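# Chains, contacts and geometry: an overview
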Number of protein chains: 2
Amino acid sequence: MTNIHDIARLSGYSVSTVSRVINHQKYVADDKRAKVEKIMHDLDYVPNRVARDLSKGQTKTIGVVLPYANHPYFARVIDGIVMAAFEAGYKITLLPTNYDMTIERQYLDQLRSKAYDGLIFTSRSSQLETLERYRKYGQIVCCEDPGADRPLAAAYTDRLDSFVSALTWAKQHGYQKMGVVLSRNNVISASTRITRQAYEQVYGHLADRDLFTGAVKYEDGYRAGAYFAQLDPAEDAIFANGDDIAAGVQQYYTDHGLEPIPVIGQENLLSSRLLKFSTIDHHLEALGQAAFRLATGQSTTHKLIKSEFIKR
Amino acid sequence: MTNIHDIARLSGYSVSTVSRVINHQKYVADDKRAKVEKIMHDLDYVPNRVARDLSKGQTKTIGVVLPYANHPYFARVIDGIVMAAFEAGYKITLLPTNYDMTIERQYLDQLRSKAYDGLIFTSRSSQLETLERYRKYGQIVCCEDPGADRPLAAAYTDRLDSFVSALTWAKQHGYQKMGVVLSRNNVISASTRITRQAYEQVYGHLADRDLFTGAVKYEDGYRAGAYFAQLDPAEDAIFANGDDIAAGVQQYYTDHGLEPIPVIGQENLLSSRLLKFSTIDHHLEALGQAAFRLATGQSTTHKLIKSEFIKR
DNA sequence: GGTTGACCTGGGACCGGTTTCATAAATTAT
DNA sequence: ATAATTTATGAAACCGGTCCCAGGTCAACC
């Protein structure tokens, strides 16, 4: 494998000069530049990326921490990140965690080992304090509101706003008894926290009977549907943590010859369009894009993405 | 930033010894090993990943070349790749091309620059010959059948088989006039080529009027529906290159008060389950997993994934 | 004519690891 | 008791670049 020293030797110039040619720097005589370029071309030479990264101390790579790759929520966020990264000449590495804190820690240590310039946490299990501790090793971006006093960069959607409008709309629509489907029922999950908060504002205390947790995909929604269908008194409508999950809920009712229950989903996926139920579009591509910008920028700022309630 | 030399100096031993401790090699006295480990722990030392990669000449990273990240087909393949990579301790970098050959070439050159150990082409615009030329710089895997005489590693689904069974089933079902929706109508696209081939086997020559091209997502399918709806004589059914596209076709009919046209989709996505139409499941996670194995393995083999026709 | 500053070039330290090789001590085999 | 291994350790080359700095040329300006 030919390297920069070979090019230097063959051209008769120094490694420094060849490096200048490679990087299109000035202060190289035209004839020498031409000769070096010819030799590089003849030998089909490509500079070693890893050596450059080591020398420069940066990899132009951002790691994206996410529970699982195949989920429409994260797919949309990734899409935004990847597009922004492509334009900026950065590379994106996918770091699946399955919500395992130990694995998240490994990725943080990889940040310390200079494997990435920055890390985007699209979701997390670790405490925010943990992330902050690693802040000095590279830019860290989280995709939720960490609170004003936190030094973490963050890109997030105004969930509370849109949740409240959606629930308010539902209440005005005559849905008095509202069931809720969530994924992780813990305080780490911003989505869970904010859903409960919004529910409290509009409907008051969220009773256990009105809540189904552990829902991540369609099948879970279907199970949620089975749960809600047997409740007495029945729910008037269901607010779910994703369109596919909402679709599952509704599908259970239809499959079992019941009156299809009104549902409100999230993400404005195809399922909500096909089944024509209301949803909240969080503009996740914009979220991903903003997260990437924060990951490469130096500022520790917060970026709020407006979400949109789509009535159907 | 503390490095291996600092650890060596502080411990009083050589860099070699420290390196041995880091890599859990034998031939280090127990007491020295303990002392070095203590110092590393006290200083919170993490070896620099890039330096190791440079020295070892490998990055434990596989690049995944794909047209766009946010597409259910590629999302499923990526999912399989990422899971397999995670288990093997590899990292996955996403390389979007938007079907631009120039960009594909850039990724191939990044392979030459040792940025990745291997490259998986989930789809491509470049010629197979081009990929083969870069074969000597790292493992290259393509996700289609490159033909027996090709030296490329490949993981692919038996499209022809499943397409023929699906079309045969449709014909026996009484659908005499069958429309087809495709994405890229060129010879590079294996999917396009094989669809035409299967159609020819079952229905004979594929007339231009029975073909709609340029479909990638739901909206395109909707447009395809608009096209087919105005045909006279009308089509009996539509074979589409994806469930979401098939859903779009059918939705156009429903939205416009027409009798919903029977469709056959691909990928067994949620849309085909909600709208209850037949589909072909290509087992894309298995495909991605196989592709990853080939990318890290040394063998230049072909791996066939069985696909499955799901009648609904 | 001397100073200034832009232009050009190469030497070599540096990024932070891995690995080969030489050397020596401690075991084991003969 | 000696030869043959095995174990333990460090020096230094190597991976392949970047970049600081010193030194030299040459035209412009006062």
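Residues numbered from 1 in each chain as written. Chains lettered and ligands numbered in written order. Predicted model: local features only at pLDDT ≥ 70, side-chain atom pairs only at ≥ 80, totals over all residues. Heavy atoms only, no water.

The name given to chain A in an unreviewed UniProt entry is LacI family DNA-binding transcriptional regulator, and the organism recorded there is Lactiplantibacillus nangangensis.

## Focus: the overall build of chain A
Across its full length, chain A carries 13 helices and twelve strands. Its C-alpha atoms give chain A a radius of gyration of 25 Å, more than 25% over the compact-globule value 20 Å for 312 residues. For chain A, the C-alpha atoms occupy an extent of roughly 90 × 40 × 30 Å along the three principal directions. Buried residues in chain A amount to 55% of all 312 residues. In the structure as shown, chain A presents an accessible area of about 13,600 Å², 50% of it carried by carbon and sulfur atoms. The averaged location of the 36 negative side-chain charges in chain A is 9 Å from the averaged location of its 37 positive side-chain charges. (Helix = DSSP H or I, 4+ residues; strand = E, 2+ residues; numbered from the N terminus. Rg over C-alpha atoms; globule rule 2.2 N^0.38 Å. Buried < 20%, exposed > 50% of the residue type's maximum accessible area, 1.4 Å probe, protein only. Areas by Shrake-Rupley, 256 points an atom, 1.4 Å probe, with all protein chains shown as cover. Lys, Arg positive; Asp, Glu negative; His and termini not counted. Charge placed at Lys NZ, Arg CZ, Asp CG, Glu CD.)

## Digging into helix α10 (residues 218-229) of chain B
Compared with the 16 Å implied by 1.5 Å per residue over twelve residues, the 16 Å span of α10(B) between its first and last C-alpha is a close match. Among the structural elements, α12 (270-274) of chain A together with β6 (178-181), β7 (211-212), β8 (237-239) and α11 (243-255) of chain B are those in contact with the buried residues of α10(B). (Expected span 1.5 Å × (residues − 1). Contact = heavy atoms within 4.5 Å.)

## Re the nonpolar core
Grouped burial of nonpolar side chains is what soluble globular proteins tend to show. One finds I92(A) and I92(B) to be the most contacted residues of the largest nonpolar core, which totals 54 residues. Not counting the four nearest positions on each side in its chain, I92(B) is found in contact with I92(A), T93(A), L94(A), I62(B), V64(B), I81(B), V82(B), A85(B) and F292(B). (Core = buried A, V, L, I, M, F, W, Y, C linked by side-chain atoms within 4.5 Å.)

## Topic: the UniProt feature "domain: HTH lacI-type" (unreviewed entry) in chain A
The positions that UniProt labels "domain: HTH lacI-type" (unreviewed entry) are, in the present scheme, residues 2-56 of chain A. Secondary structure within residues 2-56 of chain A divides into 67% helix and 0% strand; the distance between the first and last C-alpha atoms comes to 21 Å. (UniProt positions renumbered as here; feature names shortened; annotations may be inferred.)

## Comments concerning the domain arrangement of chain A
When cut into domains, chain A gives domain 1 (4-47), domain 2 (61-157 + 285-310) and domain 3 (159-282). The straight-line distance from the C-alpha centre of domain 1 of chain A to that of domain 2 of chain A is 39 Å. (Domains from an automatic or database assignment.)

## With respect to the environment of V18(A)
Mapped onto the fold, V18(A) is located in helix α2 (residues 15-22). Excluding residues within four positions of it along the chain, V18(A) makes contact with I4(A), I7(A), A8(A), S11(A) and V36(A).

## Looking at the protein's contact with DNA strand C
Around DNA strand C, the structure places 29 residues, and the nearest of them are T17(A), A29(A), K32(A), I4(B) and S55(B). Between DNA strand C and K32(A), the relevant distance is 2.5 Å, taken from a phosphate oxygen to a side-chain nitrogen or oxygen of the residue. Within the backbone of I4(B), one N or O atom sits 2.6 Å away from a phosphate oxygen of DNA strand C. Looking at which element gives the most residues to the surface near DNA strand C, the answer is helix α4 (residues 49-56) of chain B, with five residues. Taken together, the residues of the surface near DNA strand C break down into twelve nonpolar, twelve polar and five charged. (Near = heavy atom within 4 Å. Polar contact = N/O pair within 3.5 Å; in protein donor to acceptor, adjacent residues only side chain to side chain. Nonpolar A, V, L, I, M, F, W, Y, C, P; charged D, E, K, R; others polar.)

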